[in-house]
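Structural overview
Next come the chains, spelled out residue by residue.
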Amino acid sequence: MAVPYKRVHVIINPAAGGNNPILNILNDVFRQYEVEWDASITHRAGDATRQAQEAIASGVDLVAGYGGDGTQMEVLNGVIGSETPMAILPGGTGNAMAFEIKVPQHLKEAAELICQSSQRRAVDVGRIGDQYFLLRAYTGLGDELGPSREMKDQYGLLAYPAAALSGLSHPKAALYHLTVDGEEIEAEGLSCFVANVGTLGGINLPTPQNIDPSDGLLDVFLAGKEPHAVQTFASYVLRVGDKANAGIQHWRGREIVIRADPPQDVAIDGEPVFGTTPVTIQVLPQAVQMVVP
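Predicted model, so just to flag it, every value in this text is computed and none were measured. (Residues numbered from 1 in each chain as written. Predicted model: local features only at pLDDT ≥ 70, side-chain atom pairs only at ≥ 80, totals over all residues. Heavy atoms only, no water.)

Describing the nonpolar core
Counting 51 residues, the largest nonpolar core has Leu-26, Leu-89, Met-97, Ile-114, Val-288 and Met-290 as the members making the most contacts within it. Tallying contributions element by element places helix 5 (residues 107-116) first for this core, with six residues. Apart from the residues lying within four places of it in its own chain, the contact partners of Ile-114 are Pro-4, Tyr-5, Val-8, Phe-30, Leu-62, Ala-64, Ala-87, Leu-89 and Val-291. Counting residues in hydrophobic clusters, the runner-up holds 24 residues, among them Ile-185, Val-194, Ala-260 and Ile-268. (Core = buried A, V, L, I, M, F, W, Y, C linked by side-chain atoms within 4.5 Å. Buried < 20%, exposed > 50% of the residue type's maximum accessible area, 1.4 Å probe, protein only. Helix = DSSP H or I, 4+ residues; strand = E, 2+ residues; numbered from the N terminus. Contact = heavy atoms within 4.5 Å.)

Looking at the pattern of salt bridges
Pairs may arise between side chains of opposite charge once their charged atoms sit close together. All chains considered together, the criterion is met by seven salt bridges. The partner of Lys-108 in a salt bridge is Glu-112, with the nearest N and O atoms 2.6 Å apart. With Lys-108 and Glu-112 both in helix 5 and four residues apart, the pair spans about one turn of that helix. (Salt bridge = Lys/Arg side-chain N within 4 Å of Asp/Glu carboxyl O.)

Section: the environment of Gln-51
Examined against the element boundaries, Gln-51 turns out to sit in helix 2 (residues 47-57). In this structure the C-alpha to C-alpha distance between Gln-51 and Ile-41, which are ten residues apart in sequence, comes to 8.7 Å. Not counting the four nearest positions on each side in its chain, Gln-51 is found in contact with His-9, Ile-11, Ser-40, Ile-41 and Thr-42. Within polar-contact distance, the side chain of Gln-51 engages the backbone oxygen of Ile-41 at 3.0 Å. (Polar contact = N/O pair within 3.5 Å; in protein donor to acceptor, adjacent residues only side chain to side chain.)

The following block contains the structure:
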């Protein structure tokens with residue numbers, strides 16, 4: 001069987017994946033399929049983006065990222081605008097995009113997928129200025145929504161809802177002014193989410209309909225200021241609770257402008273604090289090709 005990608009570059013976040021023998025596993029799989037491959041190691045923020053760009057310039061057929069969602073976001077920023085597809089080698093705690101596109105969670109199986117599958121999925125990408133993201137942007141929760149490394153090590157996947165519950169324990173409402181494809185919305189709320197995918201690593205986000213990362217739209221959620229919204233919004237991260245009383249509003253659009261009084265921190269994927277409101281978020285429909293089963 002002919003392999004779909006002859007030259008593969010793998011970008012490895014050495015802080016991901018615990019003590020897995022990453023290079024040994026990759027070498028065993030790629031050697032079996034006679035794939036020419038090399039690897040680069042990240043040391044600081046921005047390395048994965050630069051390494052992806054350099055690999056594409058050298059003529060590789062595929063760029064794969066080993067690490068969590070933050071690593072995949074950086075790889076995305078390196079491949080965006082090129083014809084080169086990307087592949088996910090899950091090495092993080094959540095691995096939300098891997099779950100979303102059905103990539104195996106074990107490294108060996110994910111590497112074998114690269115060697116076996118010619119199938120690709122065109123995935124939407126969110127953009128804020130010159131920064132691109134795969135999963136979501138959110139405001140109003142600061143650093144609390146993202147679990148610490150200690151929480152990830154202790155609780156694994158459950159670190160995400162635990163952090164959400166912690167972050168909502170002392171909520172501070174803001175007056176949000178949203179513009180969704182020209183529609184003006186004003187409401188008080190605890191947090192605003194702009195989602196491209198509907199999972200926190202296998203835990204579905206609250207939504208009246210499935211979120212589709214290939215539909216050319218972003219899903220916007222505003223958690224209200226009502227006391228019960230604190231519990232129901234956090235509960236929805238765990239898929240429990242009563243939708244009718246959730247205090248959550250939902251819209252879909254291609255361009256979302258978020259203003260808030262007082263201004264709110266903005267986070268995206270692997271960056272706990274990316275900037276502050278006001279912020280304009282756009283979707284680039286099916287802007288990146290990803291290897292899928």
